[in-house]
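# Observations on chain architecture
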Amino acid sequence: MNEDTEKTAPTRTYRSPLRVDAARRTREAIRSAAGDLFRERGYVGTTVRHVAERAGVAMRTVSAVFAGGKSELFHAAFDAAGALPEIVLEVPRDPAGDEADVVLDHLVWQATEIHENTGRLVLAAVESSGADEEMARFASEHAVETATNAMTIAEGLAASDMLRWDVTVQHAADVLYTVVSPQVHDLLRRQCNWDTVAYRNWVKSTIRSSLLQ
């Protein structure tokens, strides 16, 4: 083997499965700690030091794993919380229910699962939007996305002739945007101490009585 060949020969790399698994678990522990703290203390009230202490790691470890700092921690926590299973959970159905019941059951069930996992994080961003530019951007984009989803659902209800004759698509979208919101969910679930069953039943009955035939 000549000298040139020796110089250009590729270097073998080895990644220990145990080390890779440890790195994954460390990342998950940091992300989970950050999510819990953002829910408890808000975005502004949470520091990288708080996250490190809760996760049981050094601050330099948090900085190495999440080089983007607190913003990256927030987005990682939100993405993980919002990663609902693709398999649709079996929704309890009333055998005597009509097509509207089926639609509302799925809508309310999905909305509840999302808010139970991500609602407090969204509110943390909203509450911090006046003090942090990134959180203001996130809160604004989330509001636009939520309004778009509400309009899509309202249009679907109208296309299926489920809306009352005196309810416009825009009005339906506004009601959906308000009733199925993280703010209302937090008010009823956390501040009024409603359980999920009471919350789901209220959302379903409110939408039905306000919008549907």
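One structure accompanies this document, and this report is about it. (Residues numbered from 1 in each chain as written. Predicted model: local features only at pLDDT ≥ 70, side-chain atom pairs only at ≥ 80, totals over all residues. Heavy atoms only, no water.)

From N to C terminus, the protein chain includes 10 helices and 0 strands. Mapped from its N terminus to its C terminus, the protein chain presents α and β elements in the order α-α-α-α-α-α-α-α-α-α. A burial count over the protein chain gives 33% of its 213 residues as buried. Taking the intrachain contacts of the protein chain between residues at least 6 apart in sequence as the baseline, contacts between residues at least 24 apart amount to 65%. Accessible surface computed for the protein chain: about 13000 Å², of which carbon and sulfur atoms make up 53%. (Helix = DSSP H or I, 4+ residues; strand = E, 2+ residues; numbered from the N terminus. Buried < 20%, exposed > 50% of the residue type's maximum accessible area, 1.4 Å probe, protein only. Contact = heavy atoms within 4.5 Å. Areas by Shrake-Rupley, 256 points an atom, 1.4 Å probe, with all protein chains shown as cover.)

Let's shift gears to the nonpolar core. Core analysis: the biggest nonpolar cluster contains 24 residues, and Leu-163, Leu-176, Val-203, Ile-207, Leu-211 and Leu-212 have the highest contact counts within it. Elements represented by at least two residues in this core include exactly helix H6 (99–128), helix H7 (133–159), helix H8 (169–179), helix H9 (182–191) and helix H10 (196–211). Counting 21 residues, the second-largest nonpolar core is a separate cluster that includes Phe-38, Ala-55, Phe-66 and Phe-78. (Core = buried A, V, L, I, M, F, W, Y, C linked by side-chain atoms within 4.5 Å.)

This part is about unusual backbone geometry. With a phi angle near 55°, Asp-161 is a residue other than glycine that sits in the positive phi range. Mapped onto the secondary structure, Asp-161 falls in the loop between H7 and H8. The phi angle at Asn-193 is positive, at roughly 60°, despite the residue not being glycine. Inspection of the secondary structure assignment puts Asn-193 in the loop between H9 and H10.

Where charged atoms from two side chains of opposite charge approach closely, those side chains can pair. Following the criterion strictly, the structure yields 15 salt bridges and no others. A salt bridge links Arg-208 to Asp-101, with the shortest nitrogen-to-oxygen separation between them at 3.0 Å. With a gap of 107 residues between them, Arg-208 in helix H10 and Asp-101 in helix H6 connect regions that are remote in the sequence. Classification of Arg-208 as partly exposed rests on a relative accessible area of 24%. Salt bridges linked by common partners bring Asp-21, Arg-24, Arg-25 and Glu-28 together as one network. (Salt bridge = Lys/Arg side-chain N within 4 Å of Asp/Glu carboxyl O.)

Another point: H9. Restricting attention to buried positions, one finds in H9 the residues Pro-182, Val-184, His-185, Asp-186, Leu-188 and Arg-189. The inward-facing, buried residues of H9 abut H6, H8 and H10. Just downstream of H9, Asn-193 is the residue with a positive phi angle, here 60°.

Relative to each other, helix H5 (residues 69–81) and H7 sit at 25°, their axes nearing to 11 Å. In this view, H5 runs roughly parallel relative to H7, as classed from their interaxial angle. With respect to the hand of their crossing, H5 and H7 are arranged in right-handed fashion. In contact with Ser-71, Phe-74, His-75 and Phe-78 of H5, H7 contributes Glu-134, Met-135, Arg-137, Phe-138 and His-142. Class assignment of the residues belonging to the contact of H5 with H7 gives a composition of 4 nonpolar, 3 polar and 2 charged. (Axes fitted to C-alpha atoms, helices over the stretch in contact; angles between N-to-C directions. Parallel < 35°, antiparallel > 145°, perpendicular 65-115°, else oblique. Left-handed = near helix turned anticlockwise from the far one by under 90°. Nonpolar A, V, L, I, M, F, W, Y, C, P; charged D, E, K, R; others polar.)

Time to look at the packing of aromatic side chains. One pass over the structure, following the stated rule, counts 6 aromatic pairs. Taken together, a centroid distance of 5.8 Å and an interplanar angle of 85° make the contact between Tyr-43 and Phe-74 edge-to-face. Of this pair, Tyr-43 sits in the loop between helix H2 (17–41) and helix H3 (48–55) while Phe-74 sits in helix H5, and the two are 31 residues apart along the sequence. Accessibility classification places Tyr-43 together with Phe-74 in one group, the buried group. Joined through ring pairs, the aromatic side chains of Phe-38, Tyr-43, Phe-74, Phe-78 and Phe-138 make up one cluster. Over the aromatic face of Tyr-43 sits the side chain of Lys-70, whose NZ or CZ is 4.5 Å from the ring centroid. Over the face of the ring belonging to Trp-109 we find Arg-200, whose NZ or CZ atom lies 3.9 Å from the ring centre. (Phe/Tyr/Trp six-rings, centres within 6.5 Å; stacked < 30°, edge-to-face > 60°. Lys NZ or Arg CZ within 6 Å of the ring centre and 35° of its normal.)

Limitation: the analysis is restricted to geometry and does not speak to function.
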